[in-house]
Amino acid sequence: MNKLLTKTMLVPRYQTRFTCVGPECPDTCCSGWRITIDKPTFQRYKATGHSTLKPLFKLHVKRNRQASGDAEYGVIKLDGPSGTCGMQAASGLCQVQSSLGEDALSNTCHAYPRHTRQFAGAFEQSLTLSCPQAARLALLEPDAFEFEQVPVTARDETVMAHPPVPGLDHDTMFAIRTWAMQLLHTRQLSVVERLAVLGLFCDQIEALLEQKQPERLPFLLEQMTLAVESGAILESLASLPSNEALHVELFARFLCNRNIAFRSVHQQNIFRQIAMGLGADEEGTASVAQIEARYRAGRELLVQSAGLEAVLERYLLNETIREAFPWGHGSPLFHYRHRLVCFGVVRMMLAGYANTQGHPLAEAEAAEVIQVFCRAFQHNGAFASSIENILHQCEWESLHQWIALLK
């Protein structure tokens, strides 16, 4: 039996509405990516005498010789060109769960798409938007990010304990993250302006930490609040130029990766339409000039897309919760660069998709594109390192250069 943890957790309201839609899912989590198995589950599968599952486990459950620990002790070998899990029945249901119960699932399968974290002394849970149903609930419901305290049960092994930042207490870490979330809720600013201000905020946090002056962080929160409310902070951003060529040089690189082992029919369809919308030919290639022109046209359609700002706001809020921004990816500025590039790739995908549709995007269309982005890149361990490598190659290493990529 797995050890369960039941705690009162802080959750966005959409989390309370989530249930898996099973076979009706257009982009099932039971196919297309590496499914890891923890050691206790691996041993249970190998020892089973179940008449139906025993031969399936023998065929599909394999030892992971590259595992760094017991959490990834084994893997499920995907079934041929379809890329589906060998445990999935023709009906689309999991044979492990239907035969042995939910407790028999591996930690990976039991938790997904839930993301449970202990942060600043409290427990919280959000969902990853690579799940289509989670993406619909999080991105399309107006009250999705009203927060509630509810009892939640999770496996103890799947709860991520966020390490403390040296020199900072829990209250300060929580206050900084809360300020970032409040900024993303500030609708007097456009989403791009909010992200730009967030960059300045992270820069100031990092400067104070490097100067070993964490006691000044509460004062920084007061200063930043006044600067946003007065509009003074936007004056410092107004002079930054816009250059679509720079956007294309960076963000298109992530969309031209043809080395992804498997994409579902759903993902292939979305990526094909994005490529067409950015000027790609049947071989999937296009010149930088073509992409730049099509990207500019797509950006004009996005400006006309009613509701898109709200969808992007909810996307950014979800990632702020899920990743414990700005404490989840190294330093605050490192985490900000990661978030900025993710936003840039999403916007380019949306622009290409809008071009193919030939009209401003509806909220549901935007949510579908964001879900595919999350499915293709969010669980890709090489994505974060690729971001840093490309930024370094392009010599874009100053905050003003990064913020200019937003315009």
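Residues numbered from 1 in each chain as written. Predicted model: local features only at pLDDT ≥ 70, side-chain atom pairs only at ≥ 80, totals over all residues. Heavy atoms only, no water.

Asks: Just to check I follow, could you spell out the sheet that holds strand S3 (residues 61–63) for this structure?
Replies: A sheet is described by the order of its strands in space; here 3 strands give the open sequence S2-S4-S3, paired in antiparallel fashion. Each end of this open sheet is capped by a strand with a single partner; those strands are strand S2 (35–37) and S3. In this sheet, neighbouring strand axes are inclined to one another by 35 degrees on average, regardless of whether the strands run parallel or antiparallel. Here S2 pairs with strand S4 (residues 74–76) via 3 bridges, running antiparallel. (Pairing = 2+ DSSP bridges. Helix = DSSP H or I, 4+ residues; strand = E, 2+ residues; numbered from the N terminus. Axes fitted to C-alpha atoms, helices over the stretch in contact; angles between N-to-C directions.)

Asks: Sorry if this is basic, but what is going on with a positive patch on the surface here?
Replies: Together, Lys 46, Lys 54, Lys 58, Lys 62 and Lys 77 line one region of the surface with positive charge. Structurally, Lys 62 can be placed in strand S3. (Patch = residues over 30% accessible without salt bridge, like charges linked within 9 Å, V, L, I, M, F, W, Y side chains within 5 Å. Areas by Shrake-Rupley, 256 points an atom, 1.4 Å probe, with all protein chains shown as cover. Salt bridge = Lys/Arg side-chain N within 4 Å of Asp/Glu carboxyl O. Lys, Arg positive; Asp, Glu negative; His and termini not counted. Charge placed at Lys NZ, Arg CZ, Asp CG, Glu CD.)

Asks: Would you mind showing me how to read the pattern of salt bridges here?
Replies: The final tally for this structure, using the stated rule, is 13 salt bridges. The partner of Glu 148 in a salt bridge is Arg 13, with the nearest N and O atoms 2.6 Å apart. Placement of Glu 148 in strand S9 (residues 147–155) and of Arg 13 in the loop between strand S1 (4–12) and S2 is noted, with a sequence separation of 135 residues between them. By relative accessible area, Glu 148 is classed as partly exposed at 23%. Of the residues examined, Arg 13 reaches a relative accessible area of 25% and is grouped as partly exposed. In this structure, the salt-bridge partner of Arg 375 is Asp 27, at a minimum N-O distance of 3.4 Å. In this pair, Arg 375 sits in helix H15 (residues 363–378) while Asp 27 sits in the loop between S1 and S2, placing the two residues 348 residues apart along the sequence. Members of the salt-bridge network, linked through shared partners, are Arg 13, Arg 17, Asp 143 and Glu 148. (Buried < 20%, exposed > 50% of the residue type's maximum accessible area, 1.4 Å probe, protein only.)

Asks: It is not clear to me how the nonpolar core should be interpreted in this structure. Could you clarify?
Replies: Buried together is how nonpolar side chains tend to be arranged in soluble globular proteins. Counting 110 residues, the largest nonpolar core has Val 197, Phe 201, Tyr 315, Tyr 336, Leu 350 and Phe 373 as the members making the most contacts within it. For this core, the element with the highest residue contribution is helix H14 (residues 332–357), accounting for 14 residues. Not counting the four nearest positions on each side in its chain, Phe 201 is found in contact with Ile 176, Trp 179, Leu 220, Leu 221 and Met 224. By size, the runner-up hydrophobic cluster in this structure holds 8 residues, among which are Met 9, Val 150, Ala 154 and Val 159. (Core = buried A, V, L, I, M, F, W, Y, C linked by side-chain atoms within 4.5 Å. Contact = heavy atoms within 4.5 Å.)

The analysis is restricted to geometry; functional conclusions fall outside its scope.
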